[in-house]
Structures are given as C-alpha cells and as structure tokens.
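A structural walkthrough
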Amino acid sequence: MQIAQQIQDILTTEFTPTKLDIIDDSSKHAGHSGADPRGESHFSVLIVSDKFVGESRVTRQRLVYGALDQLLKDRVHALALKTMTPAEYATATAT
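First, a word on what this report is: a plain description of the structure on this page. Everything numeric here is computed off the predicted structure, so don't read it as measured data. (Residues numbered from 1 in each chain as written. Predicted model: local features only at pLDDT ≥ 70, side-chain atom pairs only at ≥ 80, totals over all residues. Heavy atoms only, no water.)

Across its full length, the protein chain carries four helices and three strands. Its helices and strands in sequence order give the protein chain the pattern α-β-β-α-α-β-α, from N to C terminus. A burial count over the protein chain gives 32% of its 95 residues as buried. A fraction of 66% describes how many contacts in the protein chain between residues 6 or more apart in sequence connect residues 24 or more apart. (Helix = DSSP H or I, 4+ residues; strand = E, 2+ residues; numbered from the N terminus. Buried < 20%, exposed > 50% of the residue type's maximum accessible area, 1.4 Å probe, protein only. Contact = heavy atoms within 4.5 Å.)

Listed below in structure tokens is the structure:
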C-alpha cells in the first residue's frame with residue numbers, strides 16, 4: 001500500500017475529518033538528506049476535524065503525530081501539518 005494511502009486511512013479512522021488533503025512533496029527533496037529513493041518520504045497534510053475543537057495547535061499536531069507514529073519512525077521523513085477545526089477552515093476559506 002502506498003504511504004499516502006496509509007496516512008489517509010489512519011487519519012480518517014482517528015479523526016473523521018471533514019477535509020483531508022495529503023500532498024506528496026518528496027520530489028522537491030530528491031537528493032537531500034532524508035530523501036528516500038523509493039519516494040513518499042515528505043508530505044504536507046491539511047486536516048480539518050471536530051476533534052481539534054478546544055485543542056491548541058501544539059496538541060493537535062501531537063495528536064496527529066501520535067496517530068502516525070509508526071509511519072514516522074519507519075518511512076516518513078518529514079510531515080508538514082495544518083490542523084484546523086471546521087469553523088477555522090470555514091473562516092479561512094470564506095471569500
């Protein structure tokens with residue numbers, strides 16, 4: 001199974017997100033330290049979930065890192081996170 005799909009499956013199970021975007025940034029890091037020649041080592045994730053309501057940014061990120069702990073140890077070198085509540089996301093995307 002691809003790493004991005006594993007991330008999606010884990011985060012969907014743990015957080016029931018209303019929005020989840022996973023971007024594989026690995027190609028931007030080819031040849032850099034930590035870059036895996038197999039790819040899928042660097043990701044950016046936007047996750048919007050009710051489970052973040054009342055939690056600080058640091059706590060939200062710790063929750064996500066905890067959920068992805070094994071992948072981060074074994075396969076993922078870098079993970080950029082944007083964690084939001086549905087209300088925060090609605091405000092951020094309002095035009």
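Note that S49 resides in the loop between strand 2 (42-48) and helix 2 (57-67). At 2.7 Å, the side chain of S49 forms a polar contact with the backbone oxygen of F15. Dropping the residues within four chain positions of it, S49 is found in contact with F15, T16, P17, M84, T85 and P86. (Polar contact = N/O pair within 3.5 Å; in protein donor to acceptor, adjacent residues only side chain to side chain.)

Where charged atoms of side chains with opposite charge meet at close range, the side chains can pair. If you walk through the whole model with that rule in mind, you get three salt bridges. Across the pair D21 and K19 runs a salt bridge, and its minimum N-O distance is 3.4 Å. Classification of D21 by relative accessible area gives partly exposed; the value is 28%. Residue classification places K19 among the partly exposed positions, given a relative accessible area of 27%. The closest approach of N and O atoms between K73 and D69, which form a salt bridge, is 3.1 Å. You can see K73 and its partner D69 sitting in helix 3 (residues 69-74), four residues apart, about one turn around the helix. (Salt bridge = Lys/Arg side-chain N within 4 Å of Asp/Glu carboxyl O.)

A separate point is the packing of aromatic side chains. Taken as a whole, this structure holds one aromatic pair when the rule is applied. Ring geometry for F15 against F52: centres 5.4 Å apart, planes inclined by 35°, an arrangement best described as tilted. In this pair, F15 sits in helix 1 (residues 3-15) while F52 sits in the loop between strand 2 and helix 2, placing the two residues 37 residues apart along the sequence. Relative accessible area serves as the criterion here: at 5%, F15 is assigned to the buried category. Residue classification places F52 among the buried positions, given a relative accessible area of 0%. (Phe/Tyr/Trp six-rings, centres within 6.5 Å; stacked < 30°, edge-to-face > 60°.)

We now examine helix 2. Listing the buried residues of helix 2 in full gives R60, Q61 and V64. Within helix 2, the buried residues cover an arc of 95° as seen down the axis, which keeps them to one side. Its buried side turned inward, helix 2 meets helix 1, strand 2, strand 3 (78-84) and helix 4 (86-93). (Arc of directions from axis to C-beta.)

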